[in-house]
Amino acid sequence: MPIDTLISAEDIQARVAELGRQITADYGGQEIVVVPVLKGSFVFAADLVRHIDVPLAIDFLGLRSYEGTESSGVVQITSDLTKSVEGKHVLIIEDIVDTGLTMQYLLQNLETRKPASVKLASLLHKPARSKVKIPIDYLGFEIEDVFVIGYGLDYDQHYRNLPYLGVMRPE
Ligand code: 5GP
């Protein structure tokens, strides 16, 4: 299937660098724990952390939501953090906030672990599909209601390696 470019690699890189600068300024040298949500955010996270200039640790978290094509809000942690985040400043890194149900679950779950603070960086947001309001502290791009692939995001586990964000065009 042909793929149309939605956001070019250059535009992504420029925005990610900007977000990194903003995050660096906001934390003002405080140590943080970066929590990329697997698998979709791994490319974004790898690029973003290289633009964050504060001391940081990384701990990955795997989530799966039970769904057909629609997110149900019933979420399972498939791979948990390896260390306690009690008293730590946590920065979650997500690929996309769609309905918001996955993030709602994760934010509630993390709160019970008593971190000093929790912030969210998401590469993408589809406001048209929002079911719950999720505060996104650092947002890459707001997009229309289209299914995107590339830059970590998959279609049936493929296309994560594209350096840009694309949309499949049905023929
Ligand atoms: P939510 O719970 O916000 O509806 O779902 C978030 C998750 O659904 C994302 O982390 C992502 O894995 C998946 N998702 C939502 N929209 C898209 C999309 O356009 N493309 C891809 N590849 N995954 C998506």
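Throughout what follows, the structure given in this document is the object of discussion. Given the structure is predicted, the values throughout are model-derived calculations rather than measurements.

## Regarding the side chain of Arg160
The topology assignment puts Arg160 in the loop between strand E9 (148-149) and strand E10 (165-168). Those residues in contact with Arg160, other than ones at most four positions away along the chain, are Lys39, Gly40, Phe42, Val43, Gly150, Tyr151, Gly152, Leu153 and Asp154.

## Things to note about the layout of surface pockets
Computed from the structure, the second largest pocket encloses a volume of approximately 180 Å³. For the lining of the second largest pocket, the secondary-structure elements that each account for two or more residues are strand E2 (32-38) and strand E3 (56-58). Here the lining of the second largest pocket is built from residues that sort into five nonpolar, four polar and four charged.

## Notes on the environment of Leu6
Within the fold, Leu6 resides in strand E1 (residues 3-7). A C-alpha to C-alpha distance of 26 Å links Leu6 and Lys119, two positions 113 residues apart in sequence. Apart from residues no more than four positions distant in its own chain, Leu6 is found in contact with Ile143, Val146, Val148, Leu165, Gly166 and Val167.

## Some details on unusual backbone geometry
A negative phi holds for most residues other than glycine; trans holds for most peptide bonds. A cis amide bond, omega -5°, links Leu38 with the succeeding residue Lys39. Assignment of secondary structure puts Lys39 in the loop between E2 and helix H2 (42-49). A positive phi angle is found at Lys114, which is not glycine, with a value near 55°. Note on placement: Lys114 falls in the loop between helix H3 (101-111) and strand E7 (117-125). One non-glycine residue, Gln157, lies in the positive phi region at around 70°. Looking at where Gln157 falls in the secondary structure, it is placed in the loop between E9 and E10. Given the relative accessible area of 45%, Gln157 is considered partly exposed.

Cut-offs applied
- Residues numbered from 1 in each chain as written.
- Predicted model: local features only at pLDDT ≥ 70, side-chain atom pairs only at ≥ 80, totals over all residues.
- Heavy atoms only, no water.
- Helix = DSSP H or I, 4+ residues; strand = E, 2+ residues; numbered from the N terminus.
- Contact = heavy atoms within 4.5 Å.
- 1 Å grid on protein atoms, 1.4 Å probe; cavity = no way out; pocket = protein on both sides within 12 Å on 5 of 7 lines; lining within 4 Å.
- Points joined across faces, edges and corners; volume = space filled by probe spheres on them.
- Nonpolar A, V, L, I, M, F, W, Y, C, P; charged D, E, K, R; others polar.
- Buried < 20%, exposed > 50% of the residue type's maximum accessible area, 1.4 Å probe, protein only.

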